[in-house]
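# An overview of the molecular structure
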Amino acid sequence: MTGDGSTATWLDSFRAGLREEWQLVFGGHSRQARSGVLTVLLAIPLLYPAVVAYLYHAEDARERPALLVDLDGSALSRRLTLALEATPELRLVGRPSSVGEGVQALRKDEAEVLLVIPADFTRHVKRGERGQLAVWTTGGNVYTWGIAFPAVASVAATFNAELAARAFAQKGLPPEAARSRAAPIATGDRRLFHPTGAYGRYTAAGVLLIVIQQLIVVSLAFSAGVRRERGMTVTEGVHPFGHVVGMAAAHAPSWLAGLAFVGLAVFPWMGWAGPSALATTALLALFGLAIVPISVAVASVVPDRMSAFQVLMFFSAPLFLASGFTWPASQMPDAVRWAMVPFPATPALRALRIVSMKSGELGAVLPELRWLATQALVYAALAALIVLRPWRRGSAAAPSLRLPAAAAIPAVRTEATP
Amino acid sequence: MSAFRHGFLGQLRQLGRSRPNQLMLLLFLGAAVLAAATYRRGVLRDLPVAILDEDGTALSRTVVRDLDATPELSQVAPPATLAAAEAALVRGDLCAVVLIPDGFTAALKRGRRAEVLVAADLSNILSGKTAQRAVARVLATVAAGAQVSLVEKLGTPPSQALARVVPISTTESLLDNPATSFAPYAAPAFAYYFLHVLALFLAWTVLWPAAPQRSLAETLGRFAAVLAVALALGLFTTYGLLGGITGLVPATPAVVVAGLLLAFLAADLLFAWAVCAAFRNGLLGFQVTVLLGMLSLMMSGLTWPWDAIPAPIRAVASAVPFIPFGRVLRRILPGPASLSDLAGPLGWLALQAAVALAVIAAAAFLERLAARAGRTA
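Conventions and cut-offs
- Residues numbered from 1 in each chain as written.
- Chains lettered and ligands numbered in written order.
- Predicted model: local features only at pLDDT ≥ 70, side-chain atom pairs only at ≥ 80, totals over all residues.
- Heavy atoms only, no water.
- Helix = DSSP H or I, 4+ residues; strand = E, 2+ residues; numbered from the N terminus.
- Rg over C-alpha atoms; globule rule 2.2 N^0.38 Å.
- Buried < 20%, exposed > 50% of the residue type's maximum accessible area, 1.4 Å probe, protein only.
- Contact = heavy atoms within 4.5 Å.
- Areas by Shrake-Rupley, 256 points an atom, 1.4 Å probe, with all protein chains shown as cover.
- Lys, Arg positive; Asp, Glu negative; His and termini not counted.
- Charge placed at Lys NZ, Arg CZ, Asp CG, Glu CD.
- Pairing = 2+ DSSP bridges.
- Axes fitted to C-alpha atoms, helices over the stretch in contact; angles between N-to-C directions.
- Salt bridge = Lys/Arg side-chain N within 4 Å of Asp/Glu carboxyl O.
- Buried area = accessible area lost by both parts, 1.4 Å probe.
- Polar contact = N/O pair within 3.5 Å; in protein donor to acceptor, adjacent residues only side chain to side chain.
- Expected span 1.5 Å × (residues − 1).
- Bend = angle between axes of the 7 residues up to and from the residue.
- Parallel < 35°, antiparallel > 145°, perpendicular 65-115°, else oblique.
- Left-handed = near helix turned anticlockwise from the far one by under 90°.

### Overview of the overall build of chain A
Along chain A, the regular secondary structure elements total 14 helices and five strands. The C-alpha atoms of chain A give 30 Å as radius of gyration, which overshoots the globular expectation for 418 residues (22 Å, by more than 25%). For chain A, buried positions account for 56% of its 418 residues. Within chain A, counting contacts between residues at least 6 apart in sequence, those at least 24 apart form 77% of the total. Carbon and sulfur atoms provide 63% of the accessible area of chain A, an area that totals close to 16900 Å². Put simply, chain A has 37 plus and 27 minus side-chain charges, and the middle of one group is 3 Å from the middle of the other.

### Here we look at the sheet that holds strand β1 (residues 47–53) of chain B
Sheet architecture is open: five strands sit in the order β5(A)-β4(B)-β3(B)-β1(B)-β2(B), paired in mixed fashion. Each having just a single partner strand, β5 (185–192) of chain A together with β2 (73–76) of chain B make up the two edges of the open sheet. Across the sheet, the mean angle from the axis of one strand to that of its neighbour is 25°, orientation sign disregarded.

### Concerning the pattern of salt bridges
Opposite charge on two side chains permits pairing when their charged atoms draw close. Residue and element names in this part refer to chain A. For the structure shown, the criterion picks out 20 salt bridges over all chains. For the salt bridge of Arg-15 with Asp-12, the shortest nitrogen-to-oxygen distance reads 3.7 Å. Taken together, the residues span about one helical turn, with Arg-15 and Asp-12 both in helix α1 (residues 10–26) at a distance of three residues. The class for Arg-15 is partly exposed, based on a relative accessible area of 42%. It is possible to trace a salt-bridge network through shared partners that takes in Glu-20, Glu-21 and Arg-227.

### What about the pairing of strand β1 (residues 64–70) of chain A?
Two faces belong to every sheet, and in a regular strand the side chains alternate between them. Residue and element names in this part refer to chain A. Extensive coverage of β1 is indicated by the burial of seven of its seven residues. Residues Arg-64, Ala-66, Leu-68 and Asp-70 point to one face of β1 and Pro-65, Leu-67 and Val-69 to the other, with burial holding for every one of them. Note that β1 and strand β2 (residues 90–94) share four bridges and pair parallel. The partner of Pro-65 across the bridge, within β2, is Arg-91. Across five bridges, the pairing between β1 and strand β3 (residues 113–117) is parallel. Paired with Leu-68 across the strands is Leu-115, a residue of β3.

### Structural notes on the interface of chain B and chain A
Facing 116 residues of chain B, the contacting portion of chain A comprises 123 residues. Roughly 10300 Å² is buried in total at the junction of chain B and chain A, and carbon and sulfur atoms are behind 64% of that figure. Viewed at the interface, chain A and chain B are joined by five salt bridges. Between Arg-331 of chain B and Asp-109 of chain A there is a salt bridge whose closest N-O contact spans 3.3 Å. Linking chain B with chain A are 46 residue pairs in polar contact (both at pLDDT 80 or more), by the criterion used here.

### Quick word on helix α10 (residues 277–301) of chain A
Between its terminal C-alpha atoms α10 of chain A stretches 36 Å, which fits the 36 Å expected from 25 residues at 1.5 Å a residue. The sharpest bend along α10 of chain A comes to roughly 30°, located at Ile-291 of chain A, with the proline Pro-293 of chain A sitting one to four residues further on.

### Details of the packing of helix α6 (residues 142–170) of chain A against helix α6 (residues 125–153) of chain B
One way to put it is that α6 of chain A packs onto α6 of chain B with a least axis distance of 13 Å and a crossing angle of 15°. In terms of orientation, α6 of chain A lies roughly parallel with respect to α6 of chain B. In the crossing of α6 of chain A with α6 of chain B, the sense of the turn from one axis to the other is left-handed. Mapping the contact onto sequence places Tyr-143, Gly-146, Pro-150, Ala-164 and Phe-168 of chain A in α6 of chain A and Ile-125, Arg-133, Gln-147, Leu-150 and Val-151 of chain B in α6 of chain B.

### Considerations on the packing of α6 of chain A against helix α7 (residues 175–182) of chain A
Residues and elements named next belong to chain A. Look at α6 against α7: their axes get within 8 Å of each other, and the N-to-C directions meet at 130°. What the angle tells us is that α6 and α7 run oblique. Like other packed secondary-structure pairs, α6 and α7 cross with a definite hand, here right-handed. Two secondary-structure elements touch here, α6 through Ala-161, Ala-164, Ala-165, Phe-168 and Ala-169 and α7 through Ala-178, Arg-179, Arg-181 and Ala-182.

Okay, structure coming up:
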C-alpha cells in the first residue's frame, strides 16, 4: 500500500478493514471509548441461546391447573374425579362449590380448565341417558387447551368403554367379547418425527436460527453505525467492498463460535439437533453464509448504532412468525406467503424443520438450499451495487486507508445531532 | 411549560425527520399487519392426508368419505409406494397417512377389534395434533355407530342405544374463543408485542445520545411526544389492523382500551428510562432494553404458559410492562372487562411504574452527589 492509497489493492482494503475492526471491537478503555460491538458479538450468541434453552427446557407444559365442580357426589363421579386427578396433563388446584364460582376463578387466572360433573350425572347414566361432563375454559391459550381437553376426553372414553362393556355383558355377551364390542376400533397412532409432541423442541430451534441471523446482521450494522458516528471509514475508499468484507471477517470468529455453540452444544444438549447434529449445524452455517451479503448491504447504509437495532430488531419476530415454521404456510394468505419469499429465514426454517426433526440429511432439503443459494447470489449482487455505487462516483476523492498516527479510537459523541 | 412544549414539538420533529425512525415506524406497521394477516384464517383447514383403503367395503368407504368431509382434513391421492409416502411426509407434503387394513369390516362384524393405522407428522405439533384429533373423532363416530347397531340388535330401544354405548359425553365450552381459533390467541399477542418493542425504541430516541444539560421539563415533553405517537399507533393497531384484518375488536369500550394502552405505554417508557438510568445512561442500558424487549413475548405467558417458565426468568419478566399487559389483553378482547378483572394487571403495571420512578430518582440523586463530590474535590 502506498502513501496516498491510490494503488491500494483489494487485499489491502480488506486487511485495513479487518485491522480497524479488531481495534474497534477490542479497543477503548473508558466507558465512552468502548464501542459496544464486543457486547453485541458476545451477548447475542451466548445469552440469547442460553435464555431460550432455559426457558423451554421443560419441553412441554403438563399439569394444567384445573378446577373441578362435582355436583353429583356419587360413586361414579368420585371415580371419575380420581381418574381426572391421576392424568399427568391435569393438576386439580381447587374444588369450587358452584359453576359460577368456578368460572369466576377461570377469569382470574386461578386455573385454566373447569370440569363440571352435573347433579344428575349418575342418574342419567343409570337411566340409559347420556351423562354430560362439561369442560370449560376461557380459551385464551389454545396450546394448553390442546393438552388439557384431549386428556379429559381420554378419561371419559375409558369410562365409556367400561360402561359399554358392562351393558354388553348384561345383554349376554361373554366378558371378553363385551370388552371388544365396547371399543370396536383401535387406532394405531404413529407419531412421526416428534413422538413427544413437545412444544420446546417444536419452537425453540427456529428461534435460535433467527438469533444467528440477528448476530450476523446486527453486529456488522452496529459496528458500521459506530464508525459513522466516529467519522471512520465504512464503505468509503478505494476498495469499499474489500473494506467492508474485512470488517465482516473480523466478526466471523464470533459468528462461527455462535453457530458452533448453538448447533453443536445447545441443540444436542437440549435434544433439538435431531438425527444429525452435524447436518443441522451445517445447515445453520449455510444459512449464516447466505445472510452475510445482507449484513454487508445493511452495514453500508446504516447511519448509527441505534438505527441498526431499531430497524433490524423489527425483522426477527415477523420473519419467524410468517415463515411457516409454526403456523403452517398453507394456512396463510397467498400475499403473506409471497411476501416471505425473499427472506433467507423462510427456506432456512423450513429446511431446519426437515433436517433437525425428520431426515438428518442436507440432501432432503435441496430445494430449500437452492432457494437459499439464489437469495445469497441476489443479495450479494445487491450488496455490491449498494457498496460500490459511491465508489463509482468519487474514487479520486477517496480518503487514505492508512490509520492515523495516534491509532487511538476516538471517543463517541454524546450530544444529539440537531 | 415552554420547556415541556419545546421538548414535545422537538421530539415530534425529530421523529418525523429521522429516516431510521420513519423506517422503524413503517416496519412496525408492516410487522403488525403481518401478525394479523398470518393468523387471519385462525383455524387449521384442509390439512393434506392420504387415506389407503385396503378393505374396500361400504363401511371403509364411509370412513374415507367421513375423513374427507371433516373441515380439518383434505384427502389427497395416496403415494404409490411406501418410499414415496415417506418422502412426502418428510417434505411436509402430507400431514398424515391413514391406513384401513384389509379385514377391517370383517373384524368389526365378528366382534374383534378392528385397527386403523394413523401416522401423523408431529414435527409441526399444530397441524399434526389437529389431524390426529380429526381422524380420532371420525373413527370414534364410526365405532359408536357400530356399537349402536349391535346393542339395538340385542334388544335395546333405539332411543337408548347411544346412551348405552357412549354414556358419558364430553362437552367443551371455550368462553372467549368458541372456535378454538388461533387468531385471538396469537395475532393480538404479536401485534402488541411489536408495539411494545416500538415503544422501547422510541423511548431511547429521547434517552440516547445522553443530553445531561436538558431540563426535566423538556425531557418529559419529549417523552410525552413519544407516548402520543405510540398511543396513536396502538389505537390504530387495535381498531384498524386487528379489527380490520382479523375482525378482532375489543369488546371493552374504546375509552377503557385507550386508557389501558396509555398505562401500558407509559410504563414501557418509564421502564426504558429506568434501565437507562440504572446503566448510567450508557449504551449497555440500551442493549439490555433490547434484550429484554425481544424476549418479552416468550416470557409473557401468552404463548408458552407462565407456570412453565422457570422462576428466575419469571422474576426478570415481572419487571417488563408487556407481561401484565398480556393479562389485560386476555380480558379486554373477548368481553367487556370490569375494573375487578383489570385490577390485578393494572396494579402490577402501577408497581412497575413506581419502581421505575424510584430507580430514575435514585440514579439522578446519585449522579448529583457524584457531581458535587467531583466539584469539592
